[in-house]
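Geometric and topological summary
Single-letter residue listing:
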Amino acid sequence: TDNLLAETGKYALLAVQQAQKKKYDLIYCHDWPTFKAGKLIHTILGINHVVHFHSTEYDRNGVFTHPIIVEQEKNGLTTAKNIFAVSQKTKQSIIDHYEIHDKKINVIPNATSVLSPNNTKGAQAKKTIAFIGRLTDQKSPGTFIDVARELISRGKDYDFLVVGDGYLMEPLIEKAKQLNLTGHIKFPGFISHDQVLELLPEIDLLISPSVSEPFGLIMLEAIQKNVIVLSSPGSGLSEF
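These numbers were taken from a predicted model, which means no experiment stands behind them.

A few words now on helix α1 (residues 4-21). Taking 1.5 Å of rise per residue, 18 residues should cover 26 Å, and α1 covers 26 Å from first to last C-alpha, within 8% of that figure. On the buried face of α1, the contacting elements are α2 (35-45). Capping of α1 at its N-terminal end is provided by N3; its side-chain oxygen lies 3.0 Å from the backbone amide nitrogen of L5.

So, on to the packing of α1 against α2. Two elements in contact, α1 and α2, have axes whose closest approach is 8 Å; the angle formed by their N-to-C orientations is 40°. In this view, α1 runs oblique relative to α2, as classed from their interaxial angle. α1 and α2 meet at a crossing whose hand is right-handed. Every residue of α2 that contacts α1 at L5, T8, G9, Y11, A12, L13, A15, V16, A19 and Q20 is listed here: K36, A37, L40, I41, I44 and L45. Each residue belonging to the contact of α1 with α2 can be placed in one class, and the counts come to 12 nonpolar, 3 polar and 1 charged.

Here we come to the packing of aromatic side chains. Tallied over the full model, the rule gives 7 aromatic pairs. Seen from their ring centres, F144 and F160 are 6.0 Å apart, and the 75° between their planes marks the pair as edge-to-face. Here F144, found in helix α6 (residues 141-153), pairs with F160, found in strand β6 (residues 159-163); they are 16 residues apart in sequence, far enough to count as distant. Members of the aromatic cluster, each reached through a chain of ring pairs, are F131, F144, Y158 and F160.

The next point concerns the pairing of strand β5 (residues 128-132). In summary, the side chains of a regular strand alternate between the two faces of the sheet. Taken across its 5 residues, β5 has 5 buried, putting it largely inside the fold. With burial as the criterion, each face of β5 is covered, one bearing T128, A130 and I132 and the other bearing I129 and F131. With 5 bridges joining them, β5 and β6 adopt parallel strand pairing. Bridge pairing in β6 places I132 opposite V163. Traced from β5 through α6 to β6, the parallel crossover comes out right-handed. Here β5 pairs with strand β8 (residues 205-208) via 2 bridges, running parallel. Residue I129 lies in a different strand from β8, and its bridge partner there is L205.

So, how was this worked out
Residues numbered from 1 in each chain as written. Predicted model: local features only at pLDDT ≥ 70, side-chain atom pairs only at ≥ 80, totals over all residues. Heavy atoms only, no water. Helix = DSSP H or I, 4+ residues; strand = E, 2+ residues; numbered from the N terminus. Expected span 1.5 Å × (residues − 1). Contact = heavy atoms within 4.5 Å. Polar contact = N/O pair within 3.5 Å; in protein donor to acceptor, adjacent residues only side chain to side chain. Axes fitted to C-alpha atoms, helices over the stretch in contact; angles between N-to-C directions. Parallel < 35°, antiparallel > 145°, perpendicular 65-115°, else oblique. Left-handed = near helix turned anticlockwise from the far one by under 90°. Nonpolar A, V, L, I, M, F, W, Y, C, P; charged D, E, K, R; others polar. Phe/Tyr/Trp six-rings, centres within 6.5 Å; stacked < 30°, edge-to-face > 60°. Buried < 20%, exposed > 50% of the residue type's maximum accessible area, 1.4 Å probe, protein only. Pairing = 2+ DSSP bridges. Right-handed = clockwise from strand over helix to strand, strands pointing away.

Structure follows, in structure tokens:
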């Protein structure tokens, strides 16, 4: 169905059936769509579960949180044996919004298999500045458009890429048109992770203007490809 909350309920029932087939020692849940399943398995089968937060509802939507999702996150936190957070920033968000004791939460940063830089772009090539991420208010791609407008107004001749998809795609394209930036900004849409890794060596600067960035894996991957990264303050990655 189009109702994600209904889907998580069906998923939870299927997960219990799956958990009954074998003897599991631990259930490991990633973010709120799986928390209902973890709690139900724990309640019915008595198997401990842990939850892993990559972001909270407050990170994703600020003051416009969905009360049912907040409730799902709260339930997962209170019944879980342990909690993993991708950064101290995320841990503090959990403590502040859900009143969970800090000793129950372990900070474990994300990791990437990108190891070797391969930026072979020529020094004389035209510079490319990119945004890579979900086109949502949390990631603030509109700020990236404003940066592009400001640089172009100062006479800078750069190529700009907005890579990703989301509900802000059409408004961003329209904003670029209104600012006469169509010839400067490309919107390739969603591309696979492998394609992102192939694209990174062609980028000179990655801008991550997120309102809230619990970690920022794309920034870590860019840095490992020798791409300069400009981030808004307080990203989880900056802790490491």
